[in-house]
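Summary of structural features
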Amino acid sequence: MATEQQIQKVLLFLAEFRECAVCGTRFRFGDLDCPHCGADLDELLHRWAEELVDGLELG
């Protein structure tokens, strides 16, 4: 079962602004392509998810 600390980490990660590496446009949770330039956000989202999982494993 998830701890309160893990739940708070997930909520904080979801609230962070993320930007397209190509044009700098902020995108929203759920976007798979940049809403401005159309760049694929898969690599950026993969790194974001990896950081989240690593943070959850630490406690």
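Preceding this paragraph is the structure being described.
Now for a description of the structure that goes with this document. Just so it is clear, the model here is predicted, and its values are computed rather than measured.

A few words now on the nonpolar core. Within the largest apolar cluster, five residues are counted, these being Cys20, Phe27, Cys34, Ala39 and Leu41. Other than its neighbours up to four places away in sequence, Cys34 contacts Cys20, Cys23, Thr25, Ala39 and Leu41.

There is a patch of nonpolar side chains on the surface, built from Ile7, Leu11, Leu14 and Phe29 and spanning about 380 Å² of accessible area. Along the chain, the position of Leu11 falls in helix α1 (residues 4-15).

By the element assignment, Arg18 lies in strand β1 (residues 18-19). We note that Arg18 is buried and unpaired, the nearest opposite charge coming from Glu16 at a distance of 5.7 Å. A polar contact is formed between the side chain of Arg18 and the backbone oxygen of Glu16, at a distance of 3.2 Å. What Arg18 contacts, discounting residues up to four positions off in sequence, is Phe13, Thr25, Arg26, Phe27, Arg28, Phe29 and Trp48.

What follows is about the pattern of salt bridges. Charged atoms that come close allow side chains of opposite charge to pair. Summed over all chains, the structure comprises one salt bridge. Ionic pairing is found between Glu43 and Arg47, a salt bridge with its closest N-O pair at 3.1 Å. Of this pair, Glu43 and Arg47 are both found in helix α2 (residues 42-57), four residues apart, which corresponds to roughly one turn of the helix. Exposure remark for Glu43: the relative accessible area of 57% places this residue in the exposed category.

Reading guide: rules and limits
Residues numbered from 1 in each chain as written. Predicted model: local features only at pLDDT ≥ 70, side-chain atom pairs only at ≥ 80, totals over all residues. Heavy atoms only, no water. Core = buried A, V, L, I, M, F, W, Y, C linked by side-chain atoms within 4.5 Å. Buried < 20%, exposed > 50% of the residue type's maximum accessible area, 1.4 Å probe, protein only. Contact = heavy atoms within 4.5 Å. Patch = residues over 30% accessible without salt bridge, like charges linked within 9 Å, V, L, I, M, F, W, Y side chains within 5 Å. Areas by Shrake-Rupley, 256 points an atom, 1.4 Å probe, with all protein chains shown as cover. Salt bridge = Lys/Arg side-chain N within 4 Å of Asp/Glu carboxyl O. Helix = DSSP H or I, 4+ residues; strand = E, 2+ residues; numbered from the N terminus. Lys, Arg positive; Asp, Glu negative; His and termini not counted. Polar contact = N/O pair within 3.5 Å; in protein donor to acceptor, adjacent residues only side chain to side chain.

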